[in-house]
Amino acid sequence: MDTLVVERSDPLTGSIGVSGAKNAALPIMAACLLTEEESVIEGAPRVTDVLTMAEILRTLGAEVSWPRPPSGLVIRPDDYSGWTAPYELVRLMRASVCVLGPLLAKHGRARVSLPGGCVIGPRPIDLHLKGLQALGAAIAIEHGDILAQAERLTGATIHLAGPSGSSVLATDNVMMAATLADGITVIESAACEPEVVDLANCLIAMGARISGHGTPRIQIEGVARLRGARWRVIPDRIETGTLMIAAAMTGGDVRIDGAVPEHLGALIDALRQARATVELLPGALRVAANGCLKGVEITTLPFPGFPTDLQAQMMALMAVSEGVSLVAEKIYPERFQHVPELRRMGASITRDGAHAIVKGVARLSGAPVKASDLRASAALLLAGLVADNHTVLEGLEHLDRGYERLEEKLSMLGARIHRERERS
Ligand code: EPU
């Protein structure tokens with residue numbers, strides 16, 4: 001098992017570029033199944049989730065190749081005939097479910113293993129199924145698989161709100177299926193996340209007729225066929241945010257090239273309240289702090305609210321900020337696996353259901369810690385940068401699912417991190 005050894009580091013300084021967004025690349029890869037023509041996706045990050053999605057597309061019969069940059073990820077579905085996404089792959093990544101809509105729209109049938117439990121809490125897929133049923137699909141759960149069938153999909157008006165508001169991948173799934181349905185589909189309470197907008201724009205480049213993306217009401221007019229496209233995914237706002245928090249926590253001064261400030265309004269606001277400086281530059285963001293941060297209050301919400309995918313990293317910052325900070329997790333009320341590990345590093349955090357109270361401490365102390373999910377792993381890595389001595393982080397398979405070369409990027413800014421490879 002590989003580990004990361006993180007030493008207390010000097011303030012991070014310098015410039016760094018941000019990778020393409022994993023959560024935009026994954027549904028866009030699935031969208032390539034809506035055409036038989038070749039598509040090229042530029043800027044997809046080389047992370048395990050993207051490799052898993054490539055494997056799923058191959059299982060379905062598509063040709064996927066990924067020459068080294070600057071070439072993009074090339075997807076050639078030709079006349080692929082597979083319609084089953086197997087458990088061995090789906091269990092690795094819940095986002096696999098976003099092949100459901102494209103398969104159903106293109107082939108009239110799809111079998112996708114039902115994603116199982118998830119460490120960040122219950123993650124139902126009822127909204128995906130409700131949306132596809134509204135388009136005319138018959139859905140059954142058989143032997144742990146979702147089996148969806150429809151001779152023809154027909155446009156409909158669908159309300160996609162769940163108890164926690166909109167759903168990103170359910171919006172993606174229904175939007176993709178509706179591109180080839182007869183007539184007009186209206187998605188009400190649609191997710192407004194930048195990744196949904198990126199998918200819609202990619203689908204439009206493929207010939208889809210979509211309007212209203214980026215608002216809670218998306219309208220899709222079905223077309224007979226889509227063509228292949230060359231598409232560059234948006235920069236990863238969660239990686240950007242992680243780097244911004246790292247810069248602020250270490251009292252550093254970092255310029256993040258490629259950052260899109262409009263995607264990060266809630267974080268920018270929270271960091272400024274915490275007394276960090278955030279400067280918007282053309283095509284970049286600069287984050288600086290003088291080492292004396294103040295506690296803040298955040299509530300995770302669908303976009304443009306504070307992203308749940310930055311909650312853990314922000315909690316690491318709160319752990320060393322003066323005074324009391326409050327976290328309300330409204331998307332995944334169980335997403336607090338990082339709390340006991342941060343406590344092992346000396347953080348003072350009290351959890352009460354979906355809330356956490358963090359009392360800032362002067363110093364964290366390095367410890368062996370274990371990551372349980374992608375964003376928790378990033379939070380522990382950031383905590384290690386400001387902890388005494390060294391922190392040994394286990395569970396790197398989570399970090400590698402979604403961050404492209406994070407430790408290398410942080411090292412380029414002066415962080416003292418190295419990966420110890422397991423000897424075989
Ligand atoms: N929900 C339902 N029913 C559904 C689907 C979702 O009730 O059918 C609930 C969820 O339980 C949750 C809320 O709706 O409370 C929002 O979940 P959403 O469906 O939006 O999540 P997702 O689409 O499965 C994406 C990201 C996650 C990110 C969430 C929220 C991808 C591949 N994944 O998941 O990313 O946390 O949106 O923004 O885009 C990550 O990258 O670390 C990650 C977990």
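Our structure's up above, just so we're on the same page.
First, a word on scope: everything that follows refers to the structure included in this document. Worth saying up front: this structure is predicted, and the values here are computed from it rather than measured.

Thoughts on the site of the ligand
If you check the shell around the ligand, you find 24 residues, and the closest are L127, S167, D309, I331 and R375. At 2.6 Å, a side-chain N or O of S167 approaches an oxygen atom of the ligand. Within the contact set of the ligand, an oxygen atom lies 2.6 Å away from a side-chain nitrogen or oxygen of D309. When isolated, the ligand has an accessible area of 830 Å², and the protein chains bury 90% of it.

Here we look at empty space enclosed by the protein
Taken as a whole and assessed by the stated rule, the structure comprises three cavities of 30 Å³ or more. Roughly 60 Å³ of volume is contained in the largest cavity. Around the largest cavity, the lining residues are A21, K22, N23, E195, D236, R237, I238, D309 and R375. Split by domain, the residues of the lining of the largest cavity number at least three in each of domain 1 (3-19 + 235-420) and domain 2 (22-232).

Thoughts on the layout of surface pockets
The computed volume of the second largest pocket comes to approximately 300 Å³. Lining the second largest pocket are 20 residues, and of these R8, M249, G291, V320 and A362 lie nearest its centre. A per-class count over the lining of the second largest pocket returns 10 nonpolar, six polar and four charged.

Details of unusual backbone geometry
Here the amide bond leading from F303 into P304 is cis, since omega sits at 10°, within 30 degrees of zero. Within the chain, H143 stands out as a residue other than glycine whose phi angle is a positive 50°. Tracing the backbone shows H143 in the loop between β8 (138-142) and β9 (145-149). Of note, the phi angle at R405 is positive, near 55°, even though the residue is not glycine. Mapped onto the fold, R405 is located in the loop between α13 (396-402) and α14 (406-412). For R405, a relative accessible area of 40% gives the class partly exposed.

Quick word on the packing of helix α1 (residues 22-31) against helix α7 (residues 194-205)
As a packed pair, α1 and α7 sit with axes 9 Å apart at the nearest point and diverge in direction by 30°. With respect to their mutual orientation, α1 and α7 come out roughly parallel. Viewed along their axes, α1 and α7 form a crossing whose handedness is right-handed. Where α1 approaches α7, its residues N23, A24, P27, I28 and A31 are matched on the opposing element by E195, D198, L199, C202 and L203. Its residues assigned to classes, the contact of α1 with α7 comprises seven nonpolar, one polar and two charged.

Criteria and thresholds
- Residues numbered from 1 in each chain as written.
- Predicted model: local features only at pLDDT ≥ 70, side-chain atom pairs only at ≥ 80, totals over all residues.
- Heavy atoms only, no water.
- Near = heavy atom within 4 Å.
- Polar contact = N/O pair within 3.5 Å; in protein donor to acceptor, adjacent residues only side chain to side chain.
- Areas by Shrake-Rupley, 256 points an atom, 1.4 Å probe, with all protein chains shown as cover.
- 1 Å grid on protein atoms, 1.4 Å probe; cavity = no way out; pocket = protein on both sides within 12 Å on 5 of 7 lines; lining within 4 Å.
- Points joined across faces, edges and corners; volume = space filled by probe spheres on them.
- Domains from an automatic or database assignment.
- Nonpolar A, V, L, I, M, F, W, Y, C, P; charged D, E, K, R; others polar.
- Helix = DSSP H or I, 4+ residues; strand = E, 2+ residues; numbered from the N terminus.
- Buried < 20%, exposed > 50% of the residue type's maximum accessible area, 1.4 Å probe, protein only.
- Axes fitted to C-alpha atoms, helices over the stretch in contact; angles between N-to-C directions.
- Parallel < 35°, antiparallel > 145°, perpendicular 65-115°, else oblique.
- Left-handed = near helix turned anticlockwise from the far one by under 90°.
- Contact = heavy atoms within 4.5 Å.

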